[in-house]
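Residue-level listing of the chains:
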Amino acid sequence: MSSSETAPPLGTFSWFGCALPLSERLRLIRKNGFSHTFLWMGSEESPVEAGRAHEMPGMAADAGLAIDHVHAPYDNANAFWSDSPAERDAIVDENLELIEYCGRHSISCIALHVTKGPTPPPPSAEGLEVFRRLGEAAKKGGIKLALENTRATDRLDLILDELPLRNLGLCYDSSHDYLYSGTPSDVLGKWAHRLFTTHFSDTDGQADVHWLPMKGIVDWDEVAGVFPTSHPGPVMIEAVPQDPSQPPAEFLADAYRTAVGLRERLFAGRE
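1. A short note on the environment of Phe 13
So, step 1. Looking at the element boundaries, Phe 13 is found in strand S1 (residues 10-13).
So, step 2. In the structure, Phe 13 is positioned 199 residues away from Leu 212 in sequence and 12 Å away in space, judged by C-alpha atoms.
So, step 3. In contact with Phe 13, other than residues within four places in its own chain, are Ile 29, Thr 37, Phe 38, Leu 39, Trp 40, Met 236, Ile 237 and Glu 238.

2. What to know about helix H10 (residues 248-266)
So, step 1. Here H10 contains 19 residues, and its C-alpha end-to-end distance of 26 Å stays within 8% of the 27 Å for a straight helix at 1.5 Å per residue.
So, step 2. Turning to H10, the residues buried within the fold contact S1, helix H1 (22-31), helix H9 (220-226) and strand S8 (235-237).

3. Observations regarding the pattern of salt bridges
So, step 1. The tally for this structure, following the rule as stated, stands at 12 salt bridges.
So, step 2. Across the pair Arg 25 and Glu 45 runs a salt bridge, and its minimum N-O distance is 2.7 Å. Here the residue Arg 25 occupies a position in helix H1, and Glu 45 occupies one in the loop between strand S2 (36-40) and helix H2 (46-49), the gap between them amounting to 20 residues.
So, step 3. Between Asp 89 and Arg 133 there is a salt bridge, with its nearest N and O atoms 3.4 Å apart. Pair noted here: Asp 89 is in helix H4 (residues 85-104) and Arg 133 is in helix H5 (residues 125-140), with a separation of 44 residues, a long-range link.
So, step 4. Taking the relative accessible area as the measure of exposure, Asp 89 reaches 38% and is therefore partly exposed.
So, step 5. What emerges from the salt-bridge pattern is a single network uniting Asp 157, Asp 161 and Lys 190.

Procedures and definitions
- Residues numbered from 1 in each chain as written.
- Predicted model: local features only at pLDDT ≥ 70, side-chain atom pairs only at ≥ 80, totals over all residues.
- Heavy atoms only, no water.
- Helix = DSSP H or I, 4+ residues; strand = E, 2+ residues; numbered from the N terminus.
- Contact = heavy atoms within 4.5 Å.
- Expected span 1.5 Å × (residues − 1).
- Salt bridge = Lys/Arg side-chain N within 4 Å of Asp/Glu carboxyl O.
- Buried < 20%, exposed > 50% of the residue type's maximum accessible area, 1.4 Å probe, protein only.

Below is the structure:
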């Protein structure tokens, strides 16, 4: 990247493995150099559990952070493919509420897992219809659904192949790629033209540990070789400390330095 170019922004997950109030985590993220974040919408996040999720976008704004996307809960993601119409309707309603939330708070993207665990239900026309319904509802609100590569990349391929909606695309997770893909980076290469956002982290090859990039087995030159340099960013980190006792500010300083280096590697060929 030449000095005349505008560098893509840098962001990190608001839920970065430290037991601090969300407002304090967001403040530290901004203090350590990041301009963007994404929010966790699961019940582990105390404002969500307390029914105060509507306050979270304001907390980010008060900290000086832009919200790239929100991460939907995924414990019941297999319900997308359930053979029970009631279970499918329930997860549709849950995600329609999240789409409405994002529209209300001017958040333009939701990251979704499309399966959970090693043995999800088989793909089905009914499951595909669920994503059509959600994609069309999100499209009306100008919201993108970024489908994350997890274990069952065949479901991701099915959805993106069969549903050419412009607001359905990829959330690329590097750790998941190198843990679960037979040929890492293929999913990014195949769907680079529909890349909406990123979850960059590293892995030891054994578990979904979400270390900082450059700490594990991910081949970052291979990732950079297929990464679309036209992607406007942000370069988004989704990592937690390898040492749980590491002070949050120290971890975020490491994360920011790592993000700067990763950005240089990913966008080295940008003209």
